Amino acid sequence: MAEVKIGVLLVELHKDGEGDLNQEALQVLADLFRTILHSARNEHPHEVFEMAQKTISSCLEEYYEGYMIPIPLLDELLICIGQGPIVLVTNPGKAAERAKKKKSSKALPPHQVEQENPAYAVATAVVRKTVDRLSTPIANLLNGLLNGDRRMVDESSILTKPPPESSLTRPQQQDQSAMANVWAIIYEFHRIAPSILTTVVGTLANYLTSPELEQRFMVVKLLGRLFCGANAKLALQFRPCFREWLIRTNDIEPKIRLIMVEYLLKLIPVEVREIAMEAQHYLVKPLTDDASLEVRLRTLHGLCDIAHRHRNIVAADLWQLVGTRVSAKHRQERKDAITGLAQNYFSHYISHNLAEVQAGGDDCPLNSVQKVLGRCSDRKRSDYYRWIPVKVFEAASFTDAIDPDMHSRVVQVVDELLLGSELPHSSKRLTATARAVGLAVLIHSLKEDSANSYSWMCDLLRQRSRLQKALKKYMESRSQIGNQAPGSEEAFTADAMTLDLLESVASLTAPPAISTSLNPGERNPVLTSFHKMKDETVFRLLSSVSDPTHTGKARTRAFDEISKRVKKFGEATLTWTKTLARRCSMGDFLNREIIRHCILLAQECFKEEDIESCQKFLSCVQVAAETFPEICSDMECFGTLTELFVACRSVSSSDRSKVIGDSGIVTALSTILCEVSPYAQLGSTEIDKSANEHLLSLSCRDGTPEQARHAVSTIAALHNRDRSEALTQEHHGLFTKLLQNLTSPAKLTLAIKERSAKLVTILVALAELTQHAPSLLESKRGQTAMGITLDMVLLGHAHSSAENGSSDKDDEIIRATPNRSKRGRSHLNYSYCQRRNLNSSAVANVVEDSSLSVACRTLCAAMDFLVSFVRASILFSKESAGIAHQEAITSTTMSSAMIERLFETLSQIVQEHGLPPSSHDRRECRSREDHAALRQCASLYLLRLCDPRLGLDQKFLTTERWHVLAGAFLDDESAVRGAVMKELSLMMTGHGKFGKIRGQSAMAPLLRLVAFVVLCVDGDQAMGHATANGNAANVGRMIVSTKAHAKECIAALRKAYEITAAQARANGPDAEKMFESKVKVALMPEFIIPYAMHLLAFRPETPLAVPNPSGVTQLLASTGGIDEIGQRVLRKRLKGLFDPVVLSLGDSADNISFLLRMTELIGKYDPIRDCQGPSIEAKHFLPLSSGEGAVDEPRCESARLQAVCMVAREVLLSYVKKDVNLAAYPGKISFPGHLFRRRATSGKTIAASTANKSSFGLDRPLEGHTTSKRDGHDSRSSSRLVLSHGFGEPGESLSSKSSAGRAQVHFGLRSPPLSSQNAPTSFGGLSPIPKASPTTEAVLFSSGEKTRGTTPPSAVCNTRFTTSALSTMDSNSTIETATAKGSETTAIYRLPVCTASTEDSATAYGLSRASKRLRGSRKRSSVVEHLSAKQSQHKILRKKPDARTQLKMSGSRKKGKENKTQPNAATKRRKTKSSLLASK
C-alpha cells in the first residue's frame, strides 16, 4: 500500500505541479516504474508479480479522461515488452564449473543462458488489465514513431531505425538500461493485445512501397510476422493490408522477395484456408518465373518440405508446377525438384497405400495385395501423387552428355527413393512383397499415363545392362594381362586393349572430372589412375555388382569398401569409382528378389482368377526380362513362368479363355519366355512336353504374329542349349516338324487365297525360324515357301487373274499416287503413326498392328521373311566356311536373280509412295496408313540388305535405288521418317540388326549410306519450309540423336583411318601409295561430301544457281524466282552434314580447307544420272516447270550442284576461327568418277572414258584400275575394304598377304592386314555403273592439288595402336594392284597435278601472310579469299621425271637449279617445313 500511495502521490504532483516540480515528479514516477518492472525475479512468489502489476496499474488509472499518459511512462512498459518473453542472463553455474576445470576435462558451460523475462510478464499483465485505457495512447505513440513525429521521437526513448535482422529473432541481454525498437514492440503486441494494432497495421502498410530498401524490408518482414501468427487471424482481419503485402512478391529487390517466400510458406498450413490458398497463388511466380535462383530454390524446398510434413496440403495446381521444375534450366533446381518429389511419392503414396501389405510381411494375404492394386488404379483417389514417377523418368532424358550430375541423381532417386531402400543408412524400408506390389503399381501408372516415361524407364534400365556388360568385358580383359610376360609386347598390347575397354565403360557413365583439357591421343588421367590400382579387392567388388543377380548385401559391401580403398587415389578417382559402382549395381527398384515375388504373385492371382492383377505383375517381369534376363533365369523362376504359361493355354472355359486372350497375358508370357530361355538354368530336368506342344501350337495354329515369333525363338533357345549352329538329329527333327506345319501346301494356298491374318502369323514364324535354322530352309520345302512368298504373296501373282479382269477405271485408281496433303504433313489419327518409341523391331510392330489392313500386314510379313532369309543364309554360309567377309554368294540357295527382284520390288514400293506391286493388293491397301507402313518396311529392309557384311549393296544397290532410298529420309509421315532415321543410326553405331550376329562383328556402313545424314534435318514451322524440305515431316528429337550417332560413326571412321595410315607408313612406300590411292577414300569421313552433294543435286527442292543478265549468280527455285526459304533449308542440311565432320575434331579442326577445296572442285563437274534405267529426275522426282529464271532439263542438276557448292562454302567459312582450321593437307582430293564428270569450257560435259590427255592435262593415263563386263554386270575384283567395329585377332598387321574376303579395318586398337586383293576397287565400294554410254566404266577422279585438311601428320603420329601390330609388319612387303585375267584396263584419270614446290609453298605463304595481315580483325572470309587467290596464281602442272632427271636427282644439286623428285614416306616426314621446286 505504501508503494501504491507513493505512486499515486507522484501522479498527482505531475498533474498539479508546475515547472520543474512537474518534470521531477514525472522522472521519479518513471524511475519507480522501471524499478518495479526490473525488480521482479522468476524466483519470487506469485504475489510479488500481482503487487507490481497492481502498483503500476493504479498509477496509470489516475490518468483519467482529460489527462494523457506521459510518453516516458509508456516507454517503460513498451521497452519491457519489446525485450520479448525470453532474455539472456549470466549463467550462475559457470563460475563453479570454472573452478573445477583444472580437475575435469569437460567443456565449460555457456556464459549466458536463456530464461523467461519477468519484466515482460509484469508489463504484459499491466497492458491486458488496462487495455481500454492504454490502447489509444500506445497506438498514437507507435504511429507517431513510425511516421517520424518530431515531438514523439524526441520525447520517447524507443528506437525507430531498423535494427539488425538477427536482433528481431535473437533474445536480448537482460539489462535495466536496455533499449527496444518499435518493430519488436509492434510484433509483441499482436500476442498481448491485437486490438491496439488496429491503426498501426494500416500505418505499416503505407510503407510497403517506400523507396528506402531497409525500411521497406523491415515493414515487409514485420507484416509477414504479424500475418503468419495466431493462425493468420490478423491477415483475415486486415484483408486489404494483407493483399497489399502479397504484392511484394513482385518487388524488385531479391532480398524482399525471398523474405516474402518465407512467410508465404508459413501461411500454407494455417487453418484459414482462404488465406492459405491466396498465399499459394502468390507462390506461383517465385517458383517458376523469379529471376533469382535463390528465390526459386527456397520456394521449391519450402513447398516440398511442407508437402512432406502435411499430406495433400499443397494445392494440386501448385504441386503440379513443382513437377515442371524437373525440366528447369538450372541444374540445382532440377536435382532438388526430382529429389523432393520422389521423397513425397514414397512417404505419402507408396508407404501410405502399402501399409497393410507392409504389415503382413512377405507372406501377406493376397486379398490385401488386390485391395492395394484396386485402390491405386482409382485415379480420383491417387491422382495427387500418381504423376510423380512420370516426371522422374522423364528426367532421364538429361543424359551424361547434357548433365551428368542430374543423370546420377535420377539413378539414385530410382534406386533408393521411389520404392525405398535397403541400405543401412536409409529409413525407407519395405518388405520384398511390398516393394513388388509398389513396382506393379508404378509400372501400371506409367503405361497408362505416359508411354514416353515408360520408354525412358526401360532405356534407363538398358543403360545399366550395357554398363554391366561393358564392365564385365573390362574385368575379363584385365585378368588376361597377368597371363602375359611382364614387359613383353603381348603385355603392352593387352594393356592397351584393356584401357580401350575402360574408355568404353567410361562412355556409358558419368565422365571423369579433369581439371585440364586432353590433347589428341592422351588418356584420361582419372581412368589411368583407376586402371593402375593394385588393390584387387576393388575390382572384385566391381565385378560382383556387374552381375545383375547380386544381392543387396553385396551392393552395400561394395559401396562401403570402395569408399575406403579408393580414397587414397584422389577425390576425382574416388568420385568416378563410386559413381560407376552406383550406376552398375542393381538398386531397390528392380532386382532379383523383387522379380521373384512378382512371379509368385502373378501365379497366385491367376489361380484366384484375378486376371487384371496377374497382368500387372507380369508387366514387371517383362520389363526385367527384356533388360536383365538373368534375374529370371533360375530354376524356380523359369519353372514358375513355364507353369503359368501352360496354365493359361490349358484353360477349357471359352469365356475365361477369351478374357485371358484379351488381357494379353499369353503375349506377355511368350515375350518373357523368349527373352529368358537363352539364359534359363534347366539343370538336368527335361523340358515339359506340354510346354513344347503349346509353343508349337502358338507358332503354327492359334497365335498372333508376335506370339508366333516368340514361340519359335523360345523353342530354338530351349532345344539348342549349347547355341551351336549344327543341329542335332533330335533338334533337326523338331525344327523340320515346325517347318512342315508352317509350310503345308494346303495351309499356304488357303491362307494366300483368303489373305487372312493366319498368313501373317505363318510368315512371321518362318522369318523367326530363318534366324535360328537358316540351313533348314535350304530344303525343297523351304525353297518352295520362299518362291511362293516372293511370287504369290509379295508380287501378287496369285491374284493375276483378278488383276487382268479389272476394269480400266480400277486400274487408274490403282496406279494413282496416294493423296497427300499440300504441305506433306501427316494429320492422321491412327495407332501406326502414333507409335513414338521406334526401335530395331519397328517392322514387328507393323505386322502386329490391327489398324492396318490384312493385305498390308501380309506384304510386310513377306518382306520380313525374304530379307531375313537372305541375311541369315549369307551370314550362316560365311560362318560355316570360316570366312569372315566375302562378297560372292556361293552357298545360299537364293539366286542373284531373286535378290535382284527383291531389291527391285522394295525400291519400287518406296519409289511409288507405298503402293504394292500387284493391282489386287493396291485395291486392298488404299488407306494412307497402309501406304506409310509399306514404305517404312521397304525402306528398313533395303537398309538391312545394305549391311556391309552381306556384300549385296555393291552389286544390287544401284545409283538410282540409292536415290530412291534417300527419298525415305524425307517421308511426309513422321512414323516412317523416324523409323528410317532410327535404322540408319543403328547401322552407323553397329547395334540392333547391324550388331554382332553369328560371329560376324558389326561393321561401319559405306560412306554413301552415311551421306544420308544430309537429309536428316527438320524444317521450320513457317509457311514454305515444308516444301523446301521435300515435304518431310518433322521428327523432333530424332534429328538430334541421329546427328549424335553420325558423329560417333565419323569418329570411329577417323580413328580407323589414323591407325591404318600409321600402319601403311610403317610398312613402306608401296603400302603408303596404295593407302593414298585406294584405302583412304573409303575411310576418311570427309569423302562423304561428294555423295551428299550428289543426293542434293537431284532433289527437286534444291535451289538452282542461275546467272542473271548482269552476271550475278542467283539461287532460284525450280519454278523460277528467288528461293530464300530453299536457301535456308539447304544451309541447314549442309550444316547438319558438316557439323559431325568438322566438330568431331574439336576446336582444332584442320579439315576445313580440305573441304573448301573439295567443294570448289566438285563445282567444276556435272552430276551423272544412272544410265542403266530411267533417269533419276524423270522417274523419282518432280519435273521442272518453265518460267522466269527456269533452267533447261539437261542442266538443272548442274545448276543445283553449283548452288549446293555455293552454300557449302558459306557454311564452311563459318567454322573458321583459328589458323589451325586451315592447316595444310599433304594428300590428294578424290571423288567418285561414276557420279561426276568434268565440265568442258564450252558448257558441255566430257565423258570420262572418252576424254583425252589434253582434256585433263595429263601426258598419259595412270593405270591400276581394272574392270570387266560379263552378263550385263560389272565383275571387278571381289574384294574391297570393309570396316568393322570389333577387334581383330592378335598378330594381324599390314602385309601383302592375299585374302579371299574383304579386309577388316577395325575401329578399335589397330588395323588388320591390308593386301593387294584387299584394296577397294572403287571409291567407297560402289558398284561400277556405266555413265556416258553402256560400254563405259566408272572411274575415280582425283585432283592432285595439295590442299589443306583432314588429318595432319601430328594427329596420325599420336594415334594409339598396339605394339604387336607394328612389330609384326613386314617392312619389305609390297602392295600390288589386283588385276583380273582377261579384264580390260581402264585408266584412273586425274586432274592437273600441282607440284609441291610451287603450290604448297605459295599456299602456305599466302596463308601465313593473310593470317598476319588479318589477325587483328579476325576476318575469316578474307583469309580464305586471299588463300584462293594465291592458289590460282601458283598452279603448275607436275610431270613425271624421265630417267636422266632421276639420275641427276640421285646426285648433288647443281648451283642455281633444283630438281623435284617423288618423295617417299620418310622424305615426307622429314621435310615437313621445306618446299620443293618443280623440275623442267
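Residues numbered from 1 in each chain as written. Predicted model: local features only at pLDDT ≥ 70, side-chain atom pairs only at ≥ 80, totals over all residues. Heavy atoms only, no water.

### What to know about the overall build of the chain
Working step 1: Counting its regular elements, the chain contains 70 helices and 16 strands.
Working step 2: Across the 1480 residues of the chain, 57% fall into the buried class.
Working step 3: Sequence separation of 24 or more characterises 76% of the internal contacts of the chain that already satisfy a separation of 6 or more.
Working step 4: Just so you have it, the chain exposes about 62,600 Å², and 51% of that area is on carbon and sulfur atoms. (Helix = DSSP H or I, 4+ residues; strand = E, 2+ residues; numbered from the N terminus. Buried < 20%, exposed > 50% of the residue type's maximum accessible area, 1.4 Å probe, protein only. Contact = heavy atoms within 4.5 Å. Areas by Shrake-Rupley, 256 points an atom, 1.4 Å probe, with all protein chains shown as cover.)

### Concerning the pattern of salt bridges
Opposite charge on two side chains permits them to pair, given that their charged atoms come into close proximity.
Working step 1: Throughout the structure, instances matching the rule amount to 55 salt bridges.
Working step 2: Of the charged contacts in the structure, one is a salt bridge between glutamate 448 and arginine 386, with a shortest N-O distance of 2.8 Å. Of the two residues, glutamate 448 is situated in helix H26 (residues 432–449) and arginine 386 in helix H23 (residues 379–386); the sequence distance between them amounts to 62 residues.
Working step 3: You can call arginine 386 buried: its relative accessible area is 2%.
Working step 4: Where arginine 464 meets aspartate 415, a salt bridge forms, and the shortest distance between an N and an O atom there is 2.6 Å. (Salt bridge = Lys/Arg side-chain N within 4 Å of Asp/Glu carboxyl O.)

### Description of the packing of aromatic side chains
Working step 1: On inspection of all chains with the given rule, the structure shows 17 aromatic pairs.
Working step 2: Where tryptophan 962 meets tyrosine 1091, the ring centres are 5.9 Å apart and the plane angle is 90 degrees; that geometry is what we call edge-to-face. Note that tryptophan 962 is positioned in helix H53 (residues 959–967) and tyrosine 1091 in helix H59 (residues 1089–1097), a separation of 129 residues in sequence.
Working step 3: According to the relative accessible area criterion, tryptophan 962 is buried, its value standing at 1%.
Working step 4: Geometry around tyrosine 187 places arginine 225 over its ring, the cationic atom sitting 3.6 Å from the centre.
Working step 5: The ring of phenylalanine 539 carries the charged tip of arginine 478 above its face, separated from the ring centre by 3.6 Å. (Phe/Tyr/Trp six-rings, centres within 6.5 Å; stacked < 30°, edge-to-face > 60°. Lys NZ or Arg CZ within 6 Å of the ring centre and 35° of its normal.)

### A closer look at helix H14 (residues 239–246)
Working step 1: When we look at burial in H14, the residues that qualify are Arg239, Cys241, Phe242, Trp245 and Leu246. Buried residues of H14, viewed axially, fall in a sector of 160 degrees; they line one side.
Working step 2: Structurally, H14 contributes buried residues whose contacts are with helix H11 (200–205), helix H12 (213–228), helix H13 (233–237), helix H15 (254–267) and helix H16 (273–281). (Arc of directions from axis to C-beta.)

### Some details on the confidence of the model for the chain
Working step 1: Looking at the chain, the pLDDT average stands at 75 and 71% of residues meet or exceed 70.
Working step 2: Note on residues 801–841: pLDDT under 50 across the span, and 83 contacts to partners over four residues away in sequence or across chains.
Working step 3: Within the model, the stretch residues 883–892 combines pLDDT values under 50 with 29 contacts to residues more than four positions away or in other chains. (pLDDT = per-residue confidence, 0-100.)

### As for a positive patch on the surface
Working step 1: Taken together, the side chains of Lys469, Lys472, Lys473 and Lys996 define a basic patch exposed on the protein surface.
Working step 2: Its place among the elements puts lysine 473 in helix H27 (residues 451–481). (Patch = residues over 30% accessible without salt bridge, like charges linked within 9 Å, V, L, I, M, F, W, Y side chains within 5 Å. Lys, Arg positive; Asp, Glu negative; His and termini not counted. Charge placed at Lys NZ, Arg CZ, Asp CG, Glu CD.)

### Focus on the packing of helix H51 (residues 928–945) against helix H54 (residues 974–989)
Working step 1: Relative to each other, H51 and H54 sit at 10 degrees, their axes nearing to 9 Å. When the interaxial angle is binned, H51 and H54 end up roughly parallel. Considering only the axes of H51 and H54, their crossing is right-handed. Where H51 abuts H54, its residues Ala932, Arg935, Gln936, Ser939, Leu940, Leu943 and Arg944 lie against Ala975, Val976, Ala979, Val980, Glu983, Leu984 and Met987.
Working step 2: The class makeup of the residues in the contact of H51 with H54 is 9 nonpolar, 2 polar and 3 charged. (Axes fitted to C-alpha atoms, helices over the stretch in contact; angles between N-to-C directions. Parallel < 35°, antiparallel > 145°, perpendicular 65-115°, else oblique. Left-handed = near helix turned anticlockwise from the far one by under 90°. Nonpolar A, V, L, I, M, F, W, Y, C, P; charged D, E, K, R; others polar.)

### Focus: the packing of helix H30 (residues 536–545) against helix H31 (residues 552–565)
Working step 1: At their nearest, the axes of H30 and H31 sit 10 Å apart, and the two run at 150 degrees to each other. Taken together, the axis directions place H30 and H31 in an arrangement best described as roughly antiparallel. Where H30 crosses over H31, the two elements pack in a sense that is left-handed. Contacts from Thr537, Val538, Leu541, Leu542 and Val545 in H30 reach Ala554, Arg555, Arg557, Ala558, Glu561, Ile562 and Arg565 in H31.
Working step 2: In terms of residue class, the contact of H30 with H31 is built from 7 nonpolar, 1 polar and 4 charged.

### A word on unusual backbone geometry
Leaving glycine aside, a negative phi is the common case for residues, and trans is the common case for peptide bonds.
Working step 1: We note that asparagine 312 has phi near 60 degrees; this positive angle belongs to a residue other than glycine.
Working step 2: One can find asparagine 312 in the loop between helix H18 (293–309) and helix H19 (316–324).
Working step 3: Phi angles above zero are rare outside glycine, and glutamate 609 is one such case at about 60 degrees.

### Re the environment of valine 651
Working step 1: Along the chain, the position of valine 651 falls in the loop between helix H35 (635–649) and helix H36 (654–663).
Working step 2: On the basis of relative accessible area, valine 651 is assigned to the buried category, the value being 17%.
Working step 3: If we skip the residues at most four places from it in the chain, valine 651 touches Phe606, Arg656, Ser657 and Ile660.

### Description of the side chain of glutamine 468
Working step 1: With respect to the element layout, glutamine 468 can be found in helix H27.
Working step 2: Once residues lying within four places of it in the same chain are set aside, the contact partners of glutamine 468 are Val545, Ser546, Pro548, Cys584, Met586 and Phe628.

### Observations concerning the environment of alanine 933
Working step 1: The topology assignment puts alanine 933 in helix H51.
Working step 2: A sequence separation of 86 residues divides alanine 933 from valine 847, and the C-alpha atoms of the two residues are 9.0 Å apart.

### Points about helix H3 (residues 46–61)
Working step 1: Spanning 16 residues, H3 covers 23 Å between terminal C-alpha atoms, matching the ideal 22 Å at 1.5 Å per step.
Working step 2: What H3 keeps buried is the set Phe49, Ala52, Gln53, Thr55, Ile56, Ser57, Ser58, Cys59 and Leu60. (Expected span 1.5 Å × (residues − 1).)

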